[in-house]
Amino acid sequence: MPGFPSERFVNLSEWERNELLCSICQDVVNSPLVAQCCLQTFCRDCIHEWLNVRNTCPYDRSILNTTQLAKPPRILLNILAKLEIRCDFASNGCQEVLKLEELSQHSLKCYFGSGFCEKCFCLISESDESHKSVHNCVQSLLQLNRKSNQEIESLKQTLLSNTGVTDDQIGDYMLLDVNQYKSLMNEMKALKEENAITLERLERQEY
Ligand SMILES: [Zn+2]
Ligand SMILES: [Zn+2]
Ligand SMILES: [Zn+2]
Ligand SMILES: [Zn+2]
């Protein structure tokens, strides 16, 4: 992975930005390594990719190979670890700000990365992500509600066209295919229950 864009950090000082910059990707270093020639710091992936096709230092053009890369001093690693950064899935709506050392752990369990919102439990849709628009719980729940209503309506139509009766008349008719009727009614019941839960969740939102 290349570096972290500096705008993802909260309260990044000018000094930190300059000292922790990878001169290849121009972002804050990720898994840093130091070149022996000039003591410049680069992301592990950036400098390895560079030295795959060249044998000079990107900073001062000295001859450089991967054996001349060293771990950075502990103080630099400590400063990096404590920087505060926004979640990888901030554009999906995650508001978390974490220490850099906690970021990978958080990303693994972040609801916004798993595709589900942690507040409304709706799937954050592909379109939310690609348009980088912030996920909106109320909109998602309303959409879910609309979809269930449409499904209920189409099930009613199926029932009506298959049997010629509406769902409230249906009890009187004995000539129906009972199994078909039961499965349609169960499906409708499940959808209505799902709808009730959706509405309940909608009401709990504090907007
Ligand atoms: Zn880099
Ligand atoms: Zn160098
Ligand atoms: Zn997150
Ligand atoms: Zn939500």
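The structure displayed is predicted, hence computed values, not measured ones.

Draft legend 1. Looking closely at the UniProt feature "domain: RING-type" (unreviewed entry) in the protein chain. On the UniProt side, "domain: RING-type" (unreviewed entry) is annotated at positions that read residues 22-61 here. The distance from the first to the last C-alpha atom of residues 22-61 is 16 Å, and the span holds 25% helix and 18% strand.

Draft legend 2. Expanded view of helix α2 (residues 44-53). Within the span of α2, buried status applies to Cys46, Ile47, Trp50 and Leu51. Down the axis of α2, the buried set is contained in an arc of 120 degrees. They therefore lie on one face. Exposed residues on α2 whose side chains face more than 90 degrees from its buried face are Glu49, Asn52 and Val53. Buried positions along α2 lie against β1 (32-35), β2 (41-43) and β3 (69-70).

Draft legend 3. Local environment of the packing of aromatic side chains. One pass over the structure, following the stated rule, counts 1 aromatic pair. Each ring, one from phenylalanine 4 and one from phenylalanine 9, has its centre 6.3 Å from the other, and the planes form 85 degrees; the classification is edge-to-face. Per residue, the accessibility class of phenylalanine 4 equals that of phenylalanine 9, and both read buried. Arginine 54 extends its terminal NZ or CZ atom over the ring of tryptophan 50, reaching a point 3.9 Å from the ring centre.

Draft legend 4. Representation of the coordination of the zinc ion (ligand 3). Listed as protein donors to the zinc ion (ligand 3) are Cys87 (SG), Cys94 (SG), His106 (NE2) and Cys110 (SG); their distances from the metal cover 2.1 to 2.4 Å. Bound by 4 donor atoms, the zinc ion (ligand 3) shows angles of 103 to 115 degrees at the metal and therefore tetrahedral coordination geometry. Sequence positions of the donors to the zinc ion (ligand 3) reduce to the motif C-x6-C-x11-H-x3-C. With cysteine 87 in the loop between β4 (84-86) and β5 (97-99) and cysteine 110 in the loop between α4 (103-109) and α5 (111-114), the pair connects residues that are 23 residues apart, well separated along the chain. We note that cysteine 87, like cysteine 110, is buried.

Draft legend 5. The nonpolar core, seen in detail. Ile47 and Leu80 are the most contacted members of the largest nonpolar core, which totals 28 residues. Elements supplying a minimum of two residues to this core: β1, β2, α2 and α3 (74-82). Here this core takes 4 residues from α2, the largest share from any one element.

Draft legend 6. Main features of the coordination of the zinc ion (ligand 1). Distances from the zinc ion (ligand 1) to its protein donors, namely Cys22 (SG), Cys25 (SG), Cys43 (SG) and Cys46 (SG), fall within the range 2.3 to 2.4 Å. Viewed at the metal, the 4 donor atoms of the zinc ion (ligand 1) are separated by angles of 105 to 116 degrees, and the geometry they form is tetrahedral. For the zinc ion (ligand 1), all donor residues lie on one chain, and their spacing in sequence is C-x2-C-x17-C-x2-C. Highlighted residues: cysteine 25 in the loop between α1 (14-19) and β1 and cysteine 43 in strand β2, separated in sequence by 18 residues. Take cysteine 25: its relative accessible area is 22%, and that puts it in the partly exposed class. Take cysteine 43: its relative accessible area is 0%, and that puts it in the buried class.

Draft legend 7. Quick peek at the sheet that holds β1. A sheet is described by the order of its strands in space; here 3 strands give the open sequence β2-β1-β3, paired in antiparallel fashion. Whereas interior strands pair on both sides, the edge strands pair on one side only; in this sheet they are β2 and β3. Pairing of β1 with β2, which is carried by 3 bridges, proceeds in the antiparallel orientation. The residue of β2 that forms the bridge with leucine 33 is phenylalanine 42. Relative to β2, α2 is tilted by about 90 degrees, and along the sheet it contacts β1, β2 and β3.

Conventions adopted
- Residues numbered from 1 in each chain as written.
- Chains lettered and ligands numbered in written order.
- Predicted model: local features only at pLDDT ≥ 70, side-chain atom pairs only at ≥ 80, totals over all residues.
- Heavy atoms only, no water.
- UniProt positions renumbered as here; feature names shortened; annotations may be inferred.
- Helix = DSSP H or I, 4+ residues; strand = E, 2+ residues; numbered from the N terminus.
- Buried < 20%, exposed > 50% of the residue type's maximum accessible area, 1.4 Å probe, protein only.
- Arc of directions from axis to C-beta.
- Contact = heavy atoms within 4.5 Å.
- Phe/Tyr/Trp six-rings, centres within 6.5 Å; stacked < 30°, edge-to-face > 60°.
- Lys NZ or Arg CZ within 6 Å of the ring centre and 35° of its normal.
- Donors = N, O, S within 2.8 Å, 3.2 Å for Na, K, Ca; no water.
- Tetrahedral: all angles 85-135°; square planar, octahedral: opposite > 155°, others 65-115°.
- Core = buried A, V, L, I, M, F, W, Y, C linked by side-chain atoms within 4.5 Å.
- Pairing = 2+ DSSP bridges.
- Axes fitted to C-alpha atoms, helices over the stretch in contact; angles between N-to-C directions.

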